[in-house]
Amino acid sequence: MASSSISSLAETRALRDRLQAASRRLVFTNGVFDLLHAGHVRYLAQARALGDALVVALNSDESVRALKGPSRPLNTAADRAEVLLGLRSVDAVVVFDGERCTDAITAIQPHVYAKGGDYTPDSLNREEKAALDAAASAIHILELVPGRSTTDTIRKMNEPTGTPAGARRTRLAVLGSGQGSNFEALLAAMAAGTIEAEVTLVLSDRADARILRLAREAGIPAVYVDPGSEPNKLDDAAQKEICDRLRASGAELVILAGFMKRLREPVLSAFPERILNVHPSLLPAYPGREAWVQAWTAGATETGCTVHLVDAGIDSGRLLAQARVPILPTDDAEAVRARINAAEQVLYPQAIANYAATLA
Ligand code: GAR
C-alpha cells in the first residue's frame, strides 16, 4: 500500500522486512525527478515490475543543487515526492542528502536495485556498488526511453516561442579515439551558429583520448567504453554498451570524428542512415587506416577528405561531401595529413549541418 508522504529510512526498512517475511521483494531506485516525463513513468513501471514494491530515493533539494547547479531542482523535494507517490508504480519515497544514496541502500537493504540505462554495473558509483553488494541486492539496468529527458524538455521550454520544429537544434553524439580536432571544429561551428546542434554525449574507446578531456571541459557528458580484449576491435559487450549509451543520450545523429573502431550490430540498426564519418581520402580511394600515407606512398598528386554515411563495410557508405587537397612534391606524409585535417575541419561541420537539415 503506497504511503501518501515521504517515508523515513526506518519505515522503508520495515516495509522491506515485511516483504521479506512474505517472500516478496523490494525494488529501490534513485534520482532527481524534478520534471516528470513519459520516460520516467515507463522506467518506474519497469522498475516496479522487478519486484513487489518500489521505493524511490529522491535527491534532496540541496543535493540536486550541488549536482545540477543553482537552477535545479525545478520543484521541491516535497512536491517531487507527491507527484511520484501519485504514480501506480511507486510505493514509497525517501529523501537523501549528499551526492550518493549509499546510506539509504545500507539502511533499507533492498532486494533489487534498478538504474537507468546510461549506466552499466561497472560504471555504477563504487561506494554505492559496494553497499549494494553488501546488501546482496540484485542490480538491474533498465533501458531509458530514447529522446525523452529532463534536459531535452528544459531545452525545448527555453527555445524562443514560435521556433519552427525544423529550426531546432539537432542532438549529436560524437565518437572519437584521438585528438578530437574535428570535434573541436564542430564545437566552434556550433558556437558560431553555423550549425544548430547540441552535443549530448562524447564517447571514446580510449580512456586517455583528448576528445574526452575536451568534452568534459565543455561540460558535455563524456564516457569511456572498454573496447574489450581484442586489439582494433569492439567486442559484443562494447557494441551493446555503445548502443545503449547512444540511445540514452537521445542522439539523432551519431558523428564519428576519428573513431578508429568499426561499429556493428546492434548500433547500425539502431541508427540507420544516422551515423556519419569523416575519412581522410577521396573515397572510394584509400579506405582503411592511414589513408594519407596510402595516398602519399602511391605518389598521388591529389587526395582529400570525405564525409559519408556508415554502413557495415569499411568506409563504404553513401558519400555526402568531399573536399580536394593537393599533395605537393615537397610534402612528407605528415604534411599531407595536416592539410587533409585542416580541410576536414571546414567540410565536416558543414556536411553535418546540411545532412541534419534533410532530416524530418
Ligand atoms: C581525422 O583525420 C579523420 O579523418 C581520421 O582520423 C582523424 C581524427 O582526427 N579518421 C579515420 O581515419 C577514420 N577512418 P581528430 O581526432 O583530430 O578529429
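### Some points on the overall build of the chain
Of regular secondary structure, the chain possesses 13 helices and twelve strands. Principal axes of the C-alpha set define a box for the chain whose edges measure 80 × 50 × 30 Å. Buried residues in the chain amount to 49% of all 360 residues. When contacts within the chain are restricted to residue pairs at least 6 apart in sequence, those whose partners lie at least 24 apart make up 69%. For the chain, the exposed area adds up to about 17300 Å²; of that, 52% sits on carbon and sulfur atoms.

### Remarks on the packing of helix α8 (residues 181–192) against helix α13 (residues 333–358)
Where α8 meets α13, the axes come as close as 9 Å, and the angle between the chain directions of the two elements is 50°. By the angle between their directions, the pair α8 and α13 is classed as oblique. When you trace α8 past α13, the crossing you get is right-handed. Contacts between α8 and α13 pair Ser181, Asn182, Ala185, Leu186 and Ala189 from the former with Asn341, Glu344, Gln345, Tyr348, Pro349 and Ile352 from the latter. Along the lines of polarity and charge, the residues of the contact of α8 with α13 split into six nonpolar, four polar and one charged.

### Quick look at the packing of aromatic side chains
All told, the structure shown has one aromatic pair when counted by the stated rule. Each ring, one from Phe28 and one from Tyr113, has its centre 6.0 Å from the other, and the planes form 25°; the classification is stacked. Taken as a pair, Phe28 in strand β1 (residues 26–31) and Tyr113 in strand β4 (residues 112–116) lie far apart in primary sequence, 85 residues in all. Taking relative accessible area as the criterion, Phe28 reaches 0% and is therefore assigned buried.

### Side note on the site of the ligand
Taken together, 13 residues lie near the ligand, and Gly180, Ser181, Asn182, Pro280 and Glu344 sit nearest. In the model, an oxygen atom of the ligand is placed 3.4 Å from a nitrogen or oxygen of the Val278 main chain. Here a nitrogen atom of the ligand sits 3.2 Å away from a polar atom, N or O, in the side chain of His279. Look at the ligand: alone it shows 440 Å² of surface, and the protein chains cover 87% of it. Looking at the shell around the ligand, the elements that each hand over two or more residues are α8, β10 (275–279) and α13. For the shell around the ligand, the per-class residue count stands at three nonpolar, eight polar and two charged.

### Considerations on the sheet that holds strand β9 (residues 253–256)
Here seven strands make up an open sheet; going across it, the order is β8-β7-β6-β9-β10-β11-β12 and the pairing mixed. Pairing within the sheet leaves two strands with one partner each, and these edge strands are β8 (222–224) and β12 (319–326). Adjacent strand axes in the sheet meet at a mean angle of 20° when their direction is disregarded. Alignment of strand β6 (residues 170–175) against strand β7 (residues 197–204), held across six bridges, turns out to be parallel. Following the sheet pairing, Arg171 is matched in β7 by Glu198. Across the sheet, helix α10 (residues 236–249) is in contact with β6, β7, β8 and β9; its angle to β7 comes to roughly 160°.

### Brief notes about the pattern of salt bridges
What the rule picks out here adds up to 18 salt bridges. Here Glu273 and Arg318 are joined by a salt bridge, their closest N and O atoms 3.9 Å apart. Taken together, the positions of Glu273 in the loop between α11 (267–270) and β10 and Arg318 in the loop between β11 (302–309) and β12 put the pair 45 residues apart, joining distant regions of the chain. For Arg318, a relative accessible area of 47% translates into the label partly exposed. The partner of Arg337 in a salt bridge is Glu334, with the nearest N and O atoms 2.9 Å apart. Remark: Glu334 and Arg337 occur in helix α13; sequence separation between them is three residues, near one turn of the helix. Salt bridges linked by common partners bring Arg13, Arg16 and Asp17 together as one network.

### Quick word on the pairing of strand β2 (residues 53–59)
Burial runs high along β2: seven of the seven residues are buried. Going residue by residue along β2, you find Ala53, Val55, Ala57 and Asn59 tucked away on one face and Leu54, Val56 and Leu58 tucked away on the opposite face as well. As for the winding sense of the linkage, the β-α-β connection from β1 through helix α2 (residues 38–48) to β2 is right-handed. Alignment of β2 against strand β3 (residues 92–96), held across five bridges, turns out to be parallel. Across the sheet, the residue bridging to Leu58 is Val95, located in β3.

### Thoughts on the nonpolar core
One finds Val174, Phe183, Val202 and Leu276 to be the most contacted residues of the largest nonpolar core, which totals 43 residues. Among the elements that line this core, the one with the most residues is α13, at eleven residues. If we skip the residues at most four places from it in the chain, Leu276 touches Leu253, Val254, Ile255, Leu256, Val307, His308, Leu309, Val310, Leu320, Tyr348, Ile352 and Tyr355. Within the second largest apolar cluster, 21 residues are counted, among which are Val223, Val225, Ala238 and Leu256.

Procedures and definitions
- Starting afresh in each chain, residues are numbered from 1 along the sequence in its written order.
- Local features in a predicted model are, by the rule used here, given only for residues with pLDDT of at least 70; side-chain atom pairs are given and counted only at 80 or more, and totals for whole chains, interfaces and linings are based on all residues.
- Values shown for side chains rest on all heavy atoms present in the structure; no hydrogens or waters enter the calculation.
- Note on conventions: DSSP H or I runs of at least 4 residues are helices, E runs of at least 2 residues are strands, and numbering of each starts at the N terminus.
- Each residue gets one of three labels from its accessible area relative to the maximum for its type: buried under 20%, exposed over 50%, partly exposed in between, using a 1.4 Å probe on protein chains only.
- Residues are treated as being in contact if the distance between any of their heavy atoms lies within 4.5 Å.
- In these tables, accessible area is a Shrake-Rupley quantity obtained with a 1.4 Å probe, and a residue counts as shielded only by the protein chains included in the view.
- Comment: axis = line fitted to C-alpha atoms, over the contacting stretch for helices; angle = value between 0 and 180 degrees taken between N-to-C directions.
- Angles below 35 degrees are treated as roughly parallel, those above 145 as roughly antiparallel, those between 65 and 115 as roughly perpendicular, and all remaining angles as oblique.
- Crossing handedness is defined as follows: a turn of the near helix away from the far one that is anticlockwise and smaller than a right angle gives a left-handed crossing, while the clockwise case is right-handed.
- Here the term charged refers only to Asp, Glu, Lys and Arg, the term nonpolar to Ala, Val, Leu, Ile, Met, Phe, Trp, Tyr, Cys and Pro, and the term polar to all other amino acids, Gly among them.
- Two rings belonging to Phe, Tyr or Trp (six-membered ring only in the last case) form a pair when the distance between their centres is within 6.5 Å. Interplanar angles under 30 degrees mark stacking, angles over 60 mark edge-to-face geometry, and anything in between is tilted.
- Any residue with at least one heavy atom within 4 Å of a molecule or strand is counted as near it.
- Nitrogen and oxygen atoms within 3.5 Å of one another constitute a polar contact, given that in protein one can donate a hydrogen and the other can accept it, and given that sequence-neighbouring residues count only through two side-chain atoms.
- One bridge is not enough; two strands pair if DSSP finds at least two bridges between them.
- A carboxyl oxygen of Asp or Glu within 4 Å of a side-chain nitrogen of Lys or Arg is what we treat as a salt bridge.
- Here is how to tell: hold the view so the strands point away, follow the path from the first strand over the helix to the second, and if it runs clockwise the crossover is right-handed.
- Among the buried residues, those of types Ala, Val, Leu, Ile, Met, Phe, Trp, Tyr and Cys that are joined through side-chain atoms within 4.5 Å form a nonpolar core.

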